[in-house]
Amino acid sequence: MLTLKTLKSPKGAHKNIKRIGRGQGSGQGTQAGKGHKGQKARTGGGIRIGFEGGQMPLYRRLPKVGFSNAAFKVEYAVVNLEKLAAKFDSEVVTRETLIEKGFLAGINKSMPIKILAKGEFNKALTFKGIEKFSAKALELIKKAGGKVENA
């Protein structure tokens, strides 16, 4: 019978860690793999990333130019019309219905939504509260008799 007392991990599942600085018999005694003295042998020793021994580091020597808008970029959860056509039948498409039908999961639930026009689309759907549409997607929605309502 399997109980907590008799429970064991399979052979080879656990490997002993190398115990450094535990005496001569361990094979890692004396300097414990740190060599002889010096900054890197000390507790808390070592140098920060980018340190070049006091020389002006590369990241400070190079000119800083330009501007990156990456911090302000708006990312969208993308949904294709082709997939919407497969699961929706002339109903209202909102964030809630997209989440309910499994189009948005995880972080995409809170991101703004963008509808793209990939594939065939011929259902008259009403879109409410969707932030963005591609030009082709709007064209296909209008052609199929659908509506886009913002609010």
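For the structure itself, look to the data block above.
Thresholds applied
- Residues numbered from 1 in each chain as written.
- Predicted model: local features only at pLDDT ≥ 70, side-chain atom pairs only at ≥ 80, totals over all residues.
- Heavy atoms only, no water.
- Helix = DSSP H or I, 4+ residues; strand = E, 2+ residues; numbered from the N terminus.
- Rg over C-alpha atoms; globule rule 2.2 N^0.38 Å.
- Buried < 20%, exposed > 50% of the residue type's maximum accessible area, 1.4 Å probe, protein only.
- Areas by Shrake-Rupley, 256 points an atom, 1.4 Å probe, with all protein chains shown as cover.
- Lys, Arg positive; Asp, Glu negative; His and termini not counted.
- Charge placed at Lys NZ, Arg CZ, Asp CG, Glu CD.
- Phe/Tyr/Trp six-rings, centres within 6.5 Å; stacked < 30°, edge-to-face > 60°.
- Lys NZ or Arg CZ within 6 Å of the ring centre and 35° of its normal.
- Pairing = 2+ DSSP bridges.
- Core = buried A, V, L, I, M, F, W, Y, C linked by side-chain atoms within 4.5 Å.
- Contact = heavy atoms within 4.5 Å.
- Patch = residues over 30% accessible without salt bridge, like charges linked within 9 Å, V, L, I, M, F, W, Y side chains within 5 Å.
- Salt bridge = Lys/Arg side-chain N within 4 Å of Asp/Glu carboxyl O.

A. Inspection of the overall build of the chain at higher detail. Scanning the chain from terminus to terminus reveals four helices and six strands. Along the chain, helices and strands appear, N-terminal first, in the series α-β-α-β-α-β-β-β-α-β. Taken against the 2.2 N^0.38 rule, which gives 15 Å for 151 residues, the C-alpha radius of gyration of the chain at 30 Å runs more than 25% over that of a compact globule. The burial tally for the chain puts 21% of its 151 residues in the buried class. About 12,100 Å² of surface is accessible on the chain, with carbon and sulfur atoms providing 54% of the total. Between the mean site of the 30 positive side-chain charges and the mean site of the 11 negative ones, the chain shows a separation of 23 Å.

B. Main features of the environment of Ala 32. Residue placement: Ala 32 occurs in the segment before helix H1 (58-61). Overall, Ala 32 belongs to the buried group, its relative accessible area being 18%. As for Ala 32 and Arg 22, which are separated by ten residues in sequence, their C-alpha atoms are 8.3 Å apart.

C. Looking closely at the side chain of Asn 80. Within the secondary structure layout, Asn 80 lies in strand S1 (residues 77-80). Overall, the relative accessible area of 18% leaves Asn 80 in the buried class.

D. Quick look at the packing of aromatic side chains. Per the stated rule, a full pass over the model turns up two aromatic pairs. Seen in terms of ring centroids, Phe 127 and Phe 133 are 5.5 Å apart; in terms of plane orientation they differ by 85°. Their pairing is edge-to-face. With respect to burial, Phe 127 and Phe 133 carry one shared label: buried. Lying across the ring of Phe 103, Lys 87 places its NZ or CZ 5.8 Å from the centre. The ring of Phe 88 carries Lys 101 above its face, with NZ or CZ at 4.7 Å from the centroid.

E. Representation of the pairing of strand S3 (residues 113-116) in the model. The alternating pattern of S3 places Ile 113 and Ile 115 on a buried face and Lys 114 and Leu 116 on a face that is not buried. Alignment of S3 against strand S5 (residues 132-133), held across two bridges, turns out to be parallel. Looking across to S5, one finds that Ile 115 is bridged to Phe 133.

F. Structural detail: the nonpolar core. Val 79, Leu 81, Leu 84, Leu 98, Ile 115 and Phe 127 are the most contacted members of the largest nonpolar core, which totals 21 residues. In contact with Leu 84, not counting residues within four places along its chain, are Val 79, Leu 98, Phe 103, Ile 115 and Phe 127.

G. Summary view of the sheet that holds S5. If you walk across this open sheet you meet the three strands as S1-S3-S5, and the pairing is parallel. The two strands at the open ends of the sheet, each matched to only one other strand, are S1 and S5. Sheet topology note: the S1/S3 ladder contains four bridges and is parallel. Its bridge partner lying in S3, Asn 80 is registered against Leu 116.

H. Region of interest: a nonpolar patch on the surface. Residues Leu 2, Leu 4 and Leu 7 make up a contiguous nonpolar surface patch of about 400 Å² in total accessible area. Leu 4 gets classed as exposed once you look at its relative accessible area, which sits at 79%.

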